[in-house]
Amino acid sequence: MRRQRQSVQQSLASIVLGFELVVVFLAALVAFGLKALSAPVALIGGAVLCLVIVATLGLLRHRWGIIVGWVVQGVIVATGIFVPIMFIIGALFAGMWVYSMVAGGRIDRQKAAAAAQLGDETHGR
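Cut-offs applied
Residues numbered from 1 in each chain as written. Predicted model: local features only at pLDDT ≥ 70, side-chain atom pairs only at ≥ 80, totals over all residues. Heavy atoms only, no water. Patch = residues over 30% accessible without salt bridge, like charges linked within 9 Å, V, L, I, M, F, W, Y side chains within 5 Å. Areas by Shrake-Rupley, 256 points an atom, 1.4 Å probe, with all protein chains shown as cover. Salt bridge = Lys/Arg side-chain N within 4 Å of Asp/Glu carboxyl O. Helix = DSSP H or I, 4+ residues; strand = E, 2+ residues; numbered from the N terminus. Buried < 20%, exposed > 50% of the residue type's maximum accessible area, 1.4 Å probe, protein only. Core = buried A, V, L, I, M, F, W, Y, C linked by side-chain atoms within 4.5 Å. Contact = heavy atoms within 4.5 Å. Lys, Arg positive; Asp, Glu negative; His and termini not counted.

**Q** Looking at this structure, I do not really get a nonpolar patch on the surface. What am I missing?
**A** A grouping of Val22, Phe25, Leu26, Leu29, Phe32 and Leu43 is seen on the molecular surface, where their side chains present a nonpolar patch of about 530 Å² in accessible area. Here the nonpolar patch takes five residues from helix H1 (residues 8–33), the largest share from any one element. Positionally, leucine 43 belongs in helix H2 (residues 39–59). With a relative accessible area of 37%, leucine 43 lands in the partly exposed category.

**Q** Before we go on, may I ask you to explain the nonpolar core in this structure?
**A** In a soluble, globular protein the nonpolar side chains are often hidden away together inside. In this structure, Leu17, Val24, Ile53, Leu60, Ile76 and Trp97 are the most contacted members of the largest nonpolar core, which totals 19 residues. Ranked by residues supplied to this core, first place goes to H1 with six residues. When neighbours within four sequence positions are excluded, leucine 60 is seen to be in contact with Gln10, Ala13, Ser14, Leu17, Gly65, Ile66 and Trp97.

**Q** Mind showing me how you'd approach the side chain of glutamate 20 here?
**A** Within the secondary structure, glutamate 20 is located in helix H1. Although buried, glutamate 20 forms no salt bridge, and the nearest oppositely charged side chain, arginine 63, lies 15 Å from it. Residues within four places of glutamate 20 in sequence aside, it is in contact with Ile53, Gln73, Ile76 and Phe93.

In structure tokens:
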């Protein structure tokens, strides 16, 4: 069985989510250390969010996986309620997510158009 190549959009999204995974893990430790939340809430909540990010990484090949990624971005920004710096960090990552969706989608469309044009040229002879 031939494996489908990952799109540029999916590749960029997985990079953003991978870095967010590290940041969310560290943010959970910060919330615990600053006693912004009780230990179980900070650590279990952070672990659950990390697991959601890992699951989203695996779901990116589906269109609805990208939608889950958008929801994850909103949740990460919302964690600023507990650790205020996360508003800024979450917004930066959300900006990177938007860029990966826009630029990655544009590059994928350009690659598809070039492949279609190349296919027309080779089959037209």
